[in-house]
Amino acid sequence: MELSTILRPECTTCATPGSKKKVLELISDLAAAQYPNLSSQAIFESLLARERMGSTGIGNGIAIPHGRLPDIDTPVAVLIKCEEAIAFDAIDNQPVDILFALIVPADQCQQHLSTLSAMAEKLSDKQVLKQLRKAADEQELYQVITA
């Protein structure tokens, strides 16, 4: 699956959310603004439920929050570059500054896992990560991740 089919430029942002809760709320708001049939609160609760099972902070300043919703039929992605890294309970105990969030239909588990795996692989590329961190604005951030 092409990343540009699930990640809209409007769901890519540079921000200073300040906390894990605030960044999950930002993800929820961005996704809900682009997909009116999605409730910001439902997205937030789905992301929070997944975080309660264990942090999605995968190390090296990266987190991949994700959740499932029964009332959607296509995956929705959000990319955030934090201007100031935030505590995220990552596996390496380091703060997070790059978040790729994924909301998927509840019945698409295999696709969900494949997309998460592909994104984790892309974000483990030191060159891609360096470019994301150097991105000056949302447009550049979007171009780097979808290239």
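An unreviewed UniProt entry annotates the chain as PTS sugar transporter originating from Shewanella mangrovi.

Novice: Could you clarify how one ought to interpret the environment of R8 in this entry?
Specialist: Summarising the element assignment, R8 is placed in strand 1 (residues 7-15). A residue is classified by how much of its surface remains accessible, and R8, at 33% relative accessible area, is partly exposed. Along the primary structure R8 and A120 are separated by 112 residues, whereas in three dimensions their C-alpha atoms are 19 Å apart. When residues no more than four places from it in sequence are discounted, the contact partners of R8 are Q34, Y35 and Y142.

Novice: Is there a simple way to explain the environment of I43 in this structure?
Specialist: The topology assignment puts I43 in helix 2 (residues 40-53). Here I43 falls in the buried class, since its relative accessible area comes to 0%. Residues I43 and A31, spaced twelve residues apart in sequence, show a C-alpha to C-alpha distance of 8.1 Å. Once residues within four sequence positions are removed from consideration, I43 is found in contact with S28, A31, A32, L38, L69 and I103.

Thresholds applied
- Chains are numbered independently. Their residues run from 1 in the order of the written sequence.
- Selection of residues for local features in this predicted model requires a pLDDT of at least 70, selection of side-chain atom pairs for listing and counting requires 80 or more, and totals for whole chains, interfaces and linings are taken over all residues.
- Water and hydrogen atoms play no part in the side-chain values, which are based on all heavy atoms of the structure.
- Helix and strand labels come from DSSP, where a helix needs a run of H or I of at least four residues and a strand needs a run of E of at least two; each type is numbered from the N terminus.
- Each residue is placed in one exposure class: buried if its accessible area under a 1.4 Å probe, protein chains only, is under 20% of its type's maximum, exposed if it is over 50%, and partly exposed if it falls in between.
- It only takes one pair of heavy atoms within 4.5 Å for two residues to be counted as in contact.

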